[in-house]
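Summary of structural features
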Amino acid sequence: MTHNKYFFSGRMMAIRQKPEGGNTKQEFVPEDSPQPGPREKDVLPLASTVDAFGANAYNLNPMLLEVIRMSDLFWDLAEVTTFEKVIDEIYFNVKYATPWEPGTHNVHRATGMQSAVRGVSSAGSAGTSYIYLLKLFIMRLTRQQIKMMLDHPDSPYIRCLGFLYLRIALSDGYKELWTWFEPYLEDPEEFNIDGTPQTKTTMGQYVIRLLTDQDYFGDRLPRIPVLVQRNIDAKLKLLSEGKLNEDGAAAESPATTDVSERWTESKERIKRKRAEIEMLEEKVRGLRDRIREKEAELRRPPVRG
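As a convention, each chain's residues are numbered from 1 in the sequence order in which they are written. In view of the model being predicted, local features appear only for residues whose pLDDT reaches at least 70, and side-chain atom pairs are presented and counted only at 80 or more, with totals across whole chains, interfaces and linings using the full set of residues. Note that water and hydrogens are dropped before the side-chain values are worked out from all heavy atoms of the structure.

1. Considerations on unusual backbone geometry
Apart from glycine, the bulk of residues carry a negative phi angle, and the bulk of peptide bonds sit in the trans form. Phi at Arg-140 takes a positive value of approximately 60 degrees, unusual for a residue other than glycine. Relative to the assigned elements, Arg-140 resides in the loop between helix H5 (128-139) and helix H6 (143-150). Phi is positive for Tyr-174, which is not a glycine, with a value near 60 degrees. Comment: elements are numbered from the N terminus, with helices defined as DSSP H or I runs of at least four residues and strands as E runs of at least two. By the element assignment, Tyr-174 lies in the loop between helix H7 (156-169) and helix H8 (177-181).

So, in structure tokens, the structure goes:
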């Protein structure tokens, strides 16, 4: 949809007043209530970054964030208030997992006096997937809801948004990132990242890409702290070499296993030797007792008849 300059200026004012476009966090079930539903204590903490005007930014690219806020879809999503309905909308409306609408970012360059208010700005059009992603950030998902997205059986793009939710806005220095991602590193589900066959991949390869590459279809993912990244890279290397156990720990090398087996065998031999020595000592004690008895008999004076 193309808007004129009056809409543009009005939307900008609305963004400054309501940067979340009327979207709010989801409604949580009271902690003392027996009814099922999301509980606030289960919400996964997110990064506390803000934009230049003090509004929550969720680690998103400032330019991309502004374009998302300008979109009609973002404001329309204020009417969708439950997690289940948002997931349904993602299922029907999201056909790619890129931050910008494919073919608009760094491709279309609008010109003229009103270039900034045309349907495609000089930055590009915000990707539908990222518009829904910002909606999810604002809703503040619980750990159970995120896990449901990662395991969703009906749409790979629902799963992608779950991984992007974690990769972009996870707090505490991404220390939980490996724990979340590791079970999916070999996931075989195939899909097209930007909706075209040129970006066909598996979910496992996609997850590895999110862990190892900051460049993401015209955007830059937040930098993972150096020590956390080194740990992730080391585990990925061990995994590729078949040296990582299912629990994420480094497997023992053959040399280590041989040493361990030899040590176990040595302990068993020592244990058997000790048992044999104890048996011999028991025999020696019996012989000494018999010798003392014989010596005592010899010391006794002979009985006279």
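Having seen the model, we can carry on.
2. Notes on the packing of aromatic side chains
Working definition: a ring pair exists when centres of Phe, Tyr or Trp rings (six-membered ring for Trp) sit within 6.5 Å. Plane angles under 30 degrees give stacked, over 60 give edge-to-face, the rest tilted. Applying the stated rule across the entire model yields nine aromatic pairs. Summarising the aromatic geometry, the rings of Tyr-157 and Phe-191 are spaced 5.9 Å apart at their centres and angled 90 degrees between planes, so their arrangement reads as edge-to-face. With Tyr-157 in helix H7 and Phe-191 in strand E1 (residues 190-192), this residue pair connects regions lying 34 residues apart in the sequence. Phe-191 shares its class with Tyr-157; the two are buried. A ring pair is formed by Phe-191 and Tyr-206, whose centres lie 5.5 Å apart and whose planes are at 80 degrees; its orientation type is edge-to-face. When accessible area is computed with a 1.4 Å probe and restricted to protein chains, residues below 20% of their type maximum are described as buried, those above 50% as exposed, and intermediate ones as partly exposed.

3. Brief notes about the packing of helix H4 (residues 83-93) against H5
Remark: H4 packs on H5, axes separated minimally by 11 Å, with the N-to-C direction vectors making an angle of 170 degrees. Regarding the angle of H4 to H5, the classification is roughly antiparallel. Only Thr-128, Tyr-132, Lys-135, Leu-136 and Met-139 of H5 make contact with H4, whose side of the interface consists of Phe-83, Val-86, Glu-89, Ile-90 and Asn-93. Of the residues that constitute the contact of H4 with H5, the class distribution is six nonpolar, two polar and two charged. Here an angle of 0 to 180 degrees is reported between the N-to-C directions of two axes, which are lines fitted to C-alpha atoms, with helices fitted over the stretch in contact. Roughly parallel means an angle under 35 degrees; roughly antiparallel, over 145; roughly perpendicular, 65 to 115; everything else is oblique. Here a residue-residue contact requires only that any non-hydrogen atoms of the pair lie within 4.5 Å. Just so you know the grouping, Ala, Val, Leu, Ile, Met, Phe, Trp, Tyr, Cys and Pro go in nonpolar, Asp, Glu, Lys and Arg go in charged, and all remaining residues, Gly too, go in polar.

4. Quick notes on the side chain of Thr-201
Among the structural elements, Thr-201 can be located in strand E2 (residues 200-202). Using a relative accessible area of 11% as the deciding quantity, one classes Thr-201 as buried. Residues in contact with Thr-201, not counting those within four places in the same chain, are Glu-189, Glu-190, Phe-191, Ile-193 and Tyr-206.

5. Some remarks on helix H2 (residues 62-70)
The complete set of buried residues in H2 reads Leu-64, Leu-65, Val-67, Ile-68, Arg-69 and Met-70. Two or three places before Met-63, at the opening of H2, Asn-61 has a side-chain oxygen 2.9 Å from that residue's backbone nitrogen. As used in this structure description, the phrase polar contact means that two N or O atoms lie within 3.5 Å; if the pair is within protein, one of them must be able to donate a hydrogen and the other to accept it, and residues adjacent in sequence are counted only when both atoms belong to side chains.

6. As for the nonpolar core
Among the buried residues, those of types Ala, Val, Leu, Ile, Met, Phe, Trp, Tyr and Cys that are joined through side-chain atoms within 4.5 Å form a nonpolar core. Core analysis: the biggest nonpolar cluster contains 67 residues, and Tyr-130, Phe-137 and Tyr-206 have the highest contact counts within it. Looking at which element gives the most residues to this core, the answer is H7, with ten residues. The residues contacting Tyr-130, other than those within four sequence positions of it, are Leu-60, Leu-64, Ile-68, Ala-97, Thr-98, Pro-99, Leu-164, Ile-168, Tyr-216, Asp-219 and Leu-221.

7. Quick look at the pattern of salt bridges
Salt bridges are counted wherever a side-chain nitrogen of Lys or Arg sits within 4 Å of a carboxyl oxygen of Asp or Glu. Within the structure shown, the criterion is met by 13 salt bridges. Salt-bridge contacts for Arg-69 lead to Asp-51; the nearest nitrogen and oxygen are separated by 2.7 Å. Taken together, the positions of Arg-69 in helix H2 and Asp-51 in the loop between helix H1 (5-17) and H2 put the pair 18 residues apart, joining distant regions of the chain. Accessibility classification places Arg-69 together with Asp-51 in one group, the buried group. Taking the shortest distance from any N to any O, the salt bridge between Arg-143 and Glu-176 comes out at 2.8 Å. Here the residue Arg-143 occupies a position in helix H6, and Glu-176 occupies one in the loop between H7 and H8, the gap between them amounting to 33 residues. With a relative accessible area of 32%, Arg-143 lands in the partly exposed category. The class of Glu-176 is partly exposed, set by a relative accessible area of 30%. Salt bridges linked by common partners bring Arg-16, Asp-51, Glu-66 and Arg-69 together as one network.

8. Structural notes on the side chain of Ser-71
The residue Ser-71 is located in the loop between H2 and helix H3 (72-76) in this model. Given the relative accessible area of 15%, Ser-71 is considered buried. A polar atom in the side chain of Ser-71 sits 3.3 Å from the backbone nitrogen of Phe-74. If near-sequence neighbours (up to four positions away) are discounted, Ser-71 is found in contact with Arg-11 and Ile-131.

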